[in-house]
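The primary structure of each chain is shown beneath.
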Amino acid sequence: MVVVVGLAILAPFAWMVATALMSTTQTLQANPSVVPSPPTLQGVDAVFAKLPFLRLLLNTVLVSGGRALATLIIASLAAYALAIIKVPGARIILVVVLTLIMVPGDIFIIPSFSIMADLHLTNTLVALALPNVFDVFGVFLLYQFFRGVPRELIEAARIDGASHLRILFTIVVPVCRSGLIALAILTVLNEWKELLWPIVVNRDVDKLTLGPGLALLRGTAVTDWNVLMSAGALATLPMIVIFLLLQRHFMASLARSGLK
């Protein structure tokens, strides 16, 4: 059963890679072959010819990294206040956080655009990440991890005169490292596949990320599917590498959150 589910999940990716290695003529055949014959990098060459792909990739890396870093800092501070300090009204705040998780993010596009316009940040890379740095799911996720930190360590640090920031960064963060890595991966993934918001707030192609950049390859009458799939494969590759490098921490975080 696991093998069947795994093959069903991997099938679209295999089809994408196979199509990326085909020529335009092969993809337009009435009965296209599943296996490219012969394999060609024509689609990859066309991607770099039609798009400033490296520029879009650099924009995506910068925006994703900046958003992930800001999200980790903000979510850590909020989760620490709720789980460790237990500020007054923490339960009410937690209920609000859980409620916001269920609210579709698209309803915030218009007010977010108005704020970016008032700050004169439209058509900039900052505008791509700034409205999303506060992640309510990230706060809830880290809240669950921070609750598991032994209270003895917190109390010992307080007796030694450690400040809350020192306790957070020297005790809580190292203990909950796997949860922070998982949140960073999820944040980067969300930004990596973002499509609507970059199109709304930015106009120039050089200020877009990979999601809307790849959408530009979709033709109005005819689409070169090998080119589009080549771009998709190139855009997916960095995320696969990141996951493979950090999968141990990611799986450990999921296991710990499941035990809670």
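Attention here is on the structure that accompanies the text. (Residues numbered from 1 in each chain as written. Predicted model: local features only at pLDDT ≥ 70, side-chain atom pairs only at ≥ 80, totals over all residues. Heavy atoms only, no water.)

**Considerations on the nonpolar core**
What counts is decided by this rule: Nonpolar cores were defined as sets of buried Ala, Val, Leu, Ile, Met, Phe, Trp, Tyr and Cys residues, with membership established by side-chain atoms within 4.5 Å. Here's how the labels work: a residue is buried when its accessible area is under 20% of the maximum for its type, exposed when over 50%, partly exposed in between, all with a 1.4 Å probe on protein chains only. By definition, any uninterrupted DSSP run of H or I lasting at least four residues is a helix, any uninterrupted run of E lasting at least two residues is a strand, and each is numbered from the N terminus.
Tyr-80, Leu-142, Phe-146, Ile-154, Ile-167 and Val-172 are the most contacted members of the largest nonpolar core, which totals 26 residues. If you list the elements that add at least two residues to this core, you get helix H4 (53–85), helix H5 (90–101), helix H8 (136–146), helix H9 (151–159), helix H10 (164–175) and helix H11 (177–192). By size, the runner-up hydrophobic cluster in this structure holds 17 residues, among which are Phe-53, Leu-56, Ala-68 and Ala-235.

**Observations concerning the side chain of Arg-67**
To keep it simple, the criterion reads: Note on contacts: a residue pair is in contact if any heavy atoms of the two residues lie within 4.5 Å.
Along the chain, the position of Arg-67 falls in helix H4. When residues no more than four places from it in sequence are discounted, the contact partners of Arg-67 are Ala-129, Asn-132, Thr-187, Asn-190 and Glu-191.

**What to know about a positive patch on the surface**
Keep this limit in mind: Patch membership requires over 30% relative accessible area and the absence of a salt bridge. Like charges are linked within 9 Å, and nonpolar side chains (Val, Leu, Ile, Met, Phe, Trp, Tyr) within 5 Å. Computed with the Shrake-Rupley method and a 1.4 Å probe, the accessible areas treat only the protein chains shown as cover for residues. One speaks of a salt bridge when a side-chain nitrogen belonging to Lys or Arg is within 4 Å of a carboxyl oxygen belonging to Asp or Glu. In this tally, Lys and Arg are treated as positive and Asp and Glu as negative; His is ignored, and so are the chain termini. Every charge is mapped onto a representative atom, which is NZ of Lys, CZ of Arg, CG of Asp or CD of Glu.
Taken together, Lys-86, Arg-91, Arg-147 and Arg-151 make up a surface patch of like positive charges. Its place among the elements puts Arg-91 in helix H5.

**Let's talk about the packing of H8 against H11**
Put simply, the test is: Fitted lines through C-alpha atoms give the axes, limited to the stretch in contact for helices. The angle between two N-to-C directions lies from 0 to 180 degrees. Orientation labels follow simple angle bins: below 35 degrees gives roughly parallel, above 145 gives roughly antiparallel, 65 to 115 gives roughly perpendicular, and whatever is left gives oblique. In this scheme, a crossing is called left-handed if the near helix is turned counterclockwise away from the far one by less than a right angle; it is called right-handed if the turn is clockwise.
With their axes 10 Å apart at the nearest point, H8 and H11 run at an angle of 165° to one another. When the axis of H8 is compared with that of H11, the two are roughly antiparallel. Seen from above, H8 lies across H11 with right-handed handedness. Taking contact as the criterion, the partners of Phe-137, Gly-138, Leu-141, Leu-142 and Phe-145 in H8 are, on H11, Ser-178, Gly-179, Leu-180, Leu-183 and Leu-186.

**Here we look at the environment of Leu-183**
Checked against the element boundaries, Leu-183 lands in helix H11. Residue class for Leu-183 comes out buried when judged on its relative accessible area of 1%. With 45 residues separating them in the primary sequence, Leu-183 and Gly-138 have C-alpha atoms 6.3 Å apart.

**Here's the deal with the packing of H5 against H8**
This is how the line gets drawn: Amino acids are sorted into nonpolar (Ala, Val, Leu, Ile, Met, Phe, Trp, Tyr, Cys and Pro), charged (Asp, Glu, Lys and Arg) and polar (every other residue, Gly among them).
In contact at an axis separation of 8 Å, H5 and H8 are set at 130° when each is read in the N-to-C sense. Here H8 runs oblique to H5, going by the angle between their axes. The interaxial crossing formed by H5 with H8 has left-handed handedness. Taking contact as the criterion, the partners of Leu-94, Val-97, Leu-98, Leu-100 and Ile-101 in H5 are, on H8, Val-136, Phe-137, Phe-140 and Tyr-143. Tallied by class, residues from the contact of H5 with H8 come to 9 nonpolar, no polar and no charged.

**A look at the packing of aromatic side chains**
Two numbers describe a pair of aromatic rings. These are the distance of the centres and the angle of the planes. What counts is decided by this rule: Classification of ring pairs uses Phe, Tyr and Trp, with its six-membered ring standing for Trp, and accepts pairs whose centres are within 6.5 Å; under 30 degrees between planes counts as stacked, over 60 as edge-to-face, and the remaining range as tilted.
Per the counting criterion, the structure on display carries 1 aromatic pair. With a centroid separation of 5.5 Å and an interplanar angle of 65°, the aromatic rings of Phe-48 and Phe-53 are classed as edge-to-face. Taking the relative accessible area as the measure of exposure, Phe-53 reaches 4% and is therefore buried.

**Considerations on unusual backbone geometry**
In this model, His-120 sits at a positive phi of 60°, which is unusual for a non-glycine residue. Tracing the sequence through the fold places His-120 in the loop between helix H6 (109–118) and helix H7 (125–129). Looking at His-120, the relative accessible area reads 69%, which means it is exposed. Non-glycine residue Asn-123 carries a positive phi angle of around 65°. Tracing the backbone through its elements, the reader meets Asn-123 in the loop between H6 and H7. Asn-123 gets classed as buried once you look at its relative accessible area, which sits at 13%.

**Looking at the environment of Val-35**
Within the secondary structure, Val-35 is located in the loop between helix H2 (24–27) and helix H3 (42–50). Separated by 18 residues in the primary sequence, Val-35 and Val-17 have C-alpha atoms spaced 9.8 Å apart.

**A short note on the pattern of salt bridges**
Tallied over the full model, the rule gives 3 salt bridges. When the shortest N-O distance is used, the salt bridge between Lys-50 and Asp-224 registers 3.1 Å. Placement of Lys-50 in helix H3 and of Asp-224 in the loop between helix H13 (210–215) and helix H14 (225–259) is noted, with a sequence separation of 174 residues between them. Residue classification places Asp-224 among the partly exposed residues on the basis of a relative accessible area of 23%.

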